[in-house]
Amino acid sequence: MARLSLPDPAKVRRFALIVGLTALAYALAGWLSLKLAAFVADVVAAIWLAAGIGAMASLRFGVPAVLGVLLGSLAVNSLILQPEDAIRLALGAATGAWIMGTLPRYLQPFSPSLDFVPSVAKFALVAAPLGCAVSALTGVFSLHFFGDLTTDMLLRALWVWWLGDLLGVYMIAPLLLTVPRWDLLPTSKGARLEGLVLVLGMLALTLVMMEYADPLRPAEIVLFVMVPAVLWAALRFSVVGASLAIFLAALIVLGVAVVAYGGITHVTTPGDVFALQISMLTMALGGLFVAAALAERRYSEMRLDMLANHDPLTGLPNRSYFQDFLSHALAHAQRDRSQVSLLFIDLDRFKHINDSQGHEVGDQVLRVVANRLDEQLRADDFVARLGGDEFAVVLTHPPASRAASRVARKLTQALVESFKLGPRRYAIGASIGISVYPDDALDANTLLRQADLAMYQAKQRRSGFEYFSDELNTVAQQQLTLENGLRQAMERDELALVYQPKVDLASGRMVGVEALIRWLPRSGSIIGPEQFIPVAEETGLIVPVGRWVVRTACKQWVDWRDAGFNPPPVAVNLSPRQLSDARLIEDIDTILKETGMDSAYLQLEVTESAAMDNPARTFGILDALRQRGLHVYIDDFGTGYSNLGQLKRMPIDALKIDKSFVDDVSTDDDDAEIVTAIIRLAHALSLRVVAEGVERTEQMAFLRLNGCDEIQGYLVSKPLAPGNVSALFAETFSL
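All of the points below concern the structure found in this document. Just so it is clear, the model here is predicted, and its values are computed rather than measured. (Residues numbered from 1 in each chain as written. Predicted model: local features only at pLDDT ≥ 70, side-chain atom pairs only at ≥ 80, totals over all residues. Heavy atoms only, no water.)

Moving on, we get to the overall build of the protein. Counting secondary structure elements, the protein contains 26 helices and 17 strands. Taken over the C-alpha trace, the protein has a radius of gyration of 42 Å; the compact-globule value for 735 residues is 27 Å, which it surpasses by more than 25%. Reported as C-alpha extents along the three principal axes, the dimensions of the protein are approximately 130 × 75 × 50 Å. The buried share of the protein, reckoned over its 735 residues, is 51%. Residue pairs in contact within the protein that sit at least 24 positions apart in sequence constitute 71% of those at least 6 positions apart. Summed over all atoms, the accessible surface of the protein reaches about 34,900 Å², with 58% contributed by carbon and sulfur. Charged side chains of the protein number 63 positive and 77 negative; the gap between the two group centres comes to 3 Å. (Helix = DSSP H or I, 4+ residues; strand = E, 2+ residues; numbered from the N terminus. Rg over C-alpha atoms; globule rule 2.2 N^0.38 Å. Buried < 20%, exposed > 50% of the residue type's maximum accessible area, 1.4 Å probe, protein only. Contact = heavy atoms within 4.5 Å. Areas by Shrake-Rupley, 256 points an atom, 1.4 Å probe, with all protein chains shown as cover. Lys, Arg positive; Asp, Glu negative; His and termini not counted. Charge placed at Lys NZ, Arg CZ, Asp CG, Glu CD.)

Here eight strands make up a closed barrel; going around it, the order is β10-β11-β12-β13-β14-β15-β16-β17 and the pairing mixed. With two bridges joining them, strand β11 (residues 510-519) and strand β12 (residues 570-574) adopt parallel strand pairing. Across the sheet, V513 pairs through a bridge with V570, a residue of β12. Seen against the sheet, helix α17 (residues 542-562) touches β10 (495-504), β11, β12 and β13 (602-607) and runs at an angle of roughly 60° to β10. (Pairing = 2+ DSSP bridges. Axes fitted to C-alpha atoms, helices over the stretch in contact; angles between N-to-C directions.)

Moving on: the side chain of S73. Mapping S73 onto the fold places it in helix α3 (residues 63-77). For S73, a relative accessible area of 1% puts it in the buried group. The contacts of S73, once residues within four sequence positions are left out, are Y26, L89, A90 and A93.

What follows deals with a negative patch on the surface. Among the surface-exposed residues, D664, D668, D669, D670 and E673 lie close enough to one another that they form a single negatively charged patch. Take D669: it is sitting in helix α24 (residues 669-684). Given the relative accessible area of 63%, D669 is considered exposed. (Patch = residues over 30% accessible without salt bridge, like charges linked within 9 Å, V, L, I, M, F, W, Y side chains within 5 Å. Salt bridge = Lys/Arg side-chain N within 4 Å of Asp/Glu carboxyl O.)

This paragraph deals with the pattern of salt bridges. Taken as a whole and assessed by the stated rule, the structure comprises 23 salt bridges. Linking E605 and K656 is a salt bridge whose minimum nitrogen-to-oxygen distance equals 2.9 Å. Residue E605 is found in strand β13, and its partner K656 is found in strand β15 (residues 654-657); the two are separated by 51 residues along the sequence. E605 gets classed as buried once you look at its relative accessible area, which sits at 0%. Three or more residues joined by partner-sharing salt bridges are found here, namely K502, E514, E605, K656 and E692.

Side chains of L193, L196, V197, V199, L200 and L203 sit close together on the surface and give an oily, nonpolar patch of about 520 Å² of accessible area. With respect to the helices and strands, the residue L193 is situated in helix α7 (residues 189-212). You can call L193 exposed: its relative accessible area is 53%.

Turning next to the sheet that holds strand β5 (residues 390-397). If you trace the five strands from one edge of the open sheet to the other, you get β4-β5-β3-β8-β9, paired in mixed fashion. Each having just a single partner strand, β4 (382-387) and β9 (465-467) make up the two edges of the open sheet. Each neighbouring strand pair of the sheet contributes to a mean axis angle of 20°, computed without reference to strand direction. In terms of strand pairing, strand β3 (residues 339-348) meets β5 through eight bridges, oriented antiparallel. What sits directly across from L342, in β5, is V394. With respect to the sheet, helix α12 (residues 359-376) is in contact with β3, β4 and β5, its orientation differing from that of β5 by roughly 5°. Helix α13 (residues 405-416) contacts β3, β5, β8 (429-437) and β9 of the sheet and is inclined by roughly 165° relative to β8.

Below, the discussion takes up empty space enclosed by the protein. Empty space among the atoms can be located by rolling a probe the size of a water molecule over them. Scanning the entire structure with this criterion turns up three cavities of 30 Å³ or more. Each pocket or cavity is described by its volume, and for the largest cavity that value is around 140 Å³. Lining the largest cavity are 13 residues; nearest its centre among them are W48, N77, L89, W161 and D165. Taken together, the elements giving at least two residues each to the lining of the largest cavity come down to α1 (9-37), β2 (44-45), α3, α4 (83-102) and α6 (154-177). Classifying every residue of the lining of the largest cavity by side-chain character gives nine nonpolar, three polar and one charged. (1 Å grid on protein atoms, 1.4 Å probe; cavity = no way out; pocket = protein on both sides within 12 Å on 5 of 7 lines; lining within 4 Å. Points joined across faces, edges and corners; volume = space filled by probe spheres on them. Nonpolar A, V, L, I, M, F, W, Y, C, P; charged D, E, K, R; others polar.)

By the definition in use, this model includes ten aromatic pairs. Centroid distance Y499 to W560: 5.1 Å. Interplanar angle 65°. Geometry classified as edge-to-face. A residue pair is termed long-range when its members are at least 10 positions apart, and Y499 in strand β10 and W560 in helix α17 qualify at 61 residues. Grouped by ring-pair contacts, the aromatic residues Y499, W560, F565 and F729 constitute a single cluster. A cation over an aromatic ring shows up here: K718 above the ring of Y714, its NZ or CZ 5.6 Å from the ring centre. (Phe/Tyr/Trp six-rings, centres within 6.5 Å; stacked < 30°, edge-to-face > 60°. Lys NZ or Arg CZ within 6 Å of the ring centre and 35° of its normal.)

Further remarks concern helix α10 (residues 319-336). Over its 18 residues, α10 runs 25 Å from end to end, which matches the ideal 26 Å to within 8%, given 1.5 Å per residue. Among the residues making up α10, those that are buried are F322, L326, A329, L330 and A333. Considered in projection along α10, the buried side chains sweep an arc of 100° and stay on one side of the axis. In α10, the exposed positions angled more than 90 degrees off the buried face are occupied by H328 and R335. In this fold, the buried residues of α10 make contact with β3, β4, β5, β8 and α14 (444-461). Between the side-chain oxygen of the N-cap and the backbone nitrogen of S320 there are 3.3 Å, and the N-cap of α10 in question is N318. Positive phi shows up at R337, right after α10, with a value of about 55°. (Expected span 1.5 Å × (residues − 1). Arc of directions from axis to C-beta. Polar contact = N/O pair within 3.5 Å; in protein donor to acceptor, adjacent residues only side chain to side chain.)

Quick look at the packing of helix α2 (residues 49-61) against α3 now. Taken N-terminus to C-terminus, the directions of α2 and α3 make an angle of 155°; their axes are 6 Å apart at the nearest point. In this view, α2 runs roughly antiparallel relative to α3, as classed from their interaxial angle. Within the contact between the two elements, α2 uses G54, A57, S58 and F61 and α3 uses V63, P64, A65, V66 and V69. (Parallel < 35°, antiparallel > 145°, perpendicular 65-115°, else oblique.)

Now for the environment of E538. With respect to the secondary-structure elements, E538 resides in helix α16 (residues 529-539). E538 gets classed as partly exposed once you look at its relative accessible area, which sits at 40%. On a C-alpha basis, the gap between E538 and R518 in space is 18 Å, while along the polypeptide they are 20 residues apart.

Next up on the list: the environment of S142. The topology assignment puts S142 in helix α5 (residues 117-145). Since its relative accessible area comes to 11%, S142 is described here as buried. Along the chain, S142 and R88 lie 54 residues apart, while their C-alpha atoms are 6.8 Å from each other. With near-sequence residues (within four places) excluded, S142 lies in contact with R88, L89 and L137. A polar contact is formed between the side chain of S142 and the backbone oxygen of T138, at a distance of 2.6 Å.

Without other data, these values stay purely geometric and don't point to any function.
Structure representation (structure tokens):
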């Protein structure tokens with residue numbers, strides 16, 4: 001048997017509180033309306049303020065508010081009517097309030113704060129007239145059928161009741177609905193003074209008209225004083241100011257009616273009542289629509305400003321806003337003799353997540369990062385997203401040595417913590433470069449560039465964060481010189497390939513050559529690949545350089561073959577940047593076709609770390625290369641982070657043992673064990689093994705004893721020019 005669950009006491013208390021407060025407010029507003037403006041039979045009010053309470057409460061709080069309207073209406077009408085009449089009127093008032101509170105929910109989009117023109121139209125021209133009509137029809141015909149309202153007064157009572165309810169809604173509901181948006185009101189002293197002058201002006205002009213207008217009609221005060229004042233408030237003080245002005249204007253007009261006529265009673269002419277109602281309705285509608293239109297315009301301007309100055313993904317300021325803020329911060333720091341620390345943040349491992357999991361997950365990661373940065377910083381610190389996975393933080397502080405270290409350490413610790421997105425957990429890190437005004441630079445662009453340089457230093461050292469130093473500037477200048485020179489080197493044909501033999505340990509025959517790039521500037525001093533390859537990788541030049549290497553090596557092999565030699569396979573290194581190039585497969589296909597190279601004689605070497613950076617993508621590329629007949633080697637094996645499962649699935653032909661293990665293989669037991677294990681592992685997976693950097697006979701002897709297949713190094717030969725290496729093709733090396 002199911003157990004009956006008791007309602008939550010907190011919800012019950014809230015429900016009862018809404019019912020009680022709504023009933024009390026409705027009853028008080030209704031009593032005040034009857035005192036001020038009972039026009040027909042002292043029952044039908046020309047202005048029914050309680051209708052505004054009911055509309056607002058129903059729209060905000062729903063069913064409990066409707067019940068409160070029912071009780072409040074019953075209480076106020078019981079003062080002047082029989083109980084059965086009061087009940088019928090209360091039911092009509094509650095039904096009207098329910099319509100005004102419910103209908104806008106089905107007319108979406110709808111803003112309860114009435115700060116959009118469609119929302120004002122749906123509420124003021126649809127929901128309110130319909131709800132007030134239901135209330136008026138119920139009340140008037142109830143009074144008529146039970147003899148409390150004569151037939152000749154029926155139409156007039158219906159008209160006055162409907163307009164009176166509408167007036168109450170327009171006067172009270174917008175003011176109460178817009179209370180949550182009082183933040184839109186200007187807060188400057190000038191705006192406050194202007195508002196005070198507007199109110200005093202309304203009162204003063206009203207007093208002048210009371211003094212000199214004879215006979216005085218409240219409708220004239222509305223048209224000539226209140227309407228311009230309400231429109232001015234709408235233009236200057238948004239929808240909140242307009243709602244407040246409408247309410248104050250109505251109070252002033254009612255005050256005039258009380259002073260001049262003792263209130264709106266049955267002795268007031270129907271024409272005067274009708275003119276007053278229509279003029280006040282016009283005033284209210286005009287103010288609400290003008291205010292909503294201007295609010296929409298302000299929101300559009302704010303959104304455009306937001307889009308222009310903020311990153312739409314994270315909500316942080318963008319690069320443009322950052323540049324302006326940093327320039328202003330430096331100007332303030334110059335006046336105040338303070339310091340500005342700029343932290344340039346670049347995420348680690350973000351590219352791997354973005355490439356492997358997709359941009360949607362990458363976007364979520366960036367939002368997590370933005371939130372963590374914002375949480376860790378003070379309210380007066382500034383954080384922006386510069387683009388991609390780069391962020392910047394601006395700290396202003398008194399002069400101090402390395403004042404940003406604590407913040408940088410806190411940010412790196414916050415960003416390194418793992419987080420969960422969907423079913424998976426992710427972990428990233430960050431490298432931070434710091435530059436300081438005025439120690440490192442005096443302008444925003446230089447400060448940013450130097451923080452960027454420091455960030456690269458932190459990334460290379462994996463130190464978390466680094467401060468800018470003059471040495472970094474020197475290195476950057478050297479790299480820029482290398483980059484410009486390398487671009488010219490390709491145009492001037494200053495690049496060349498040399499070839500280092502690979503020899504089979506069992507037969508002593510040359511079984512391959514590795515193509516190695518050299519830069520021969522016109523100055524005559526050779527620049528080694530260890531100097532310019534990192535620059536080419538960082539700048540993206542490695543892609544056209546790598547394409548040139550593959551083409552040149554293939555063309556050279558074809559030239560050897562056409563010259564009557566029997567050239568062995570030629571190996572070419574692929575960089576990590578080339579592996580991520582979408583045109584890699586297409587470029588190799590084109591080169592093989594144009595040069596006439598036999599794909600079986602082209603070997604491609606990929607470093608273990610590059611292969612494991614994005615295994616799924618890399619494995620697909622390597623498999624596509626092998627399907628074309630090319631052979632794939634894993635270079636620098638032992639220095640990456642592949643596991644046995646990945647190695648087993650990797651579409652490769654051979655492993656190359658890194659030189660760092662071969663160097664001390666005859667003297668270091670650990671290196672010897674590692675090399676032996678690699679050889680056994682490779683043979684277990686049916687892979688050949690090549691040892692790099694073999695320079696001494698004892699190294700060769702150890703490798704031969706443990707079953708290594710091929711060696712490469714100075715013991716065999718240094719890298720040679722194409723004409724010299726071809727003379728060794730038919731040689732048998734004595735090893």
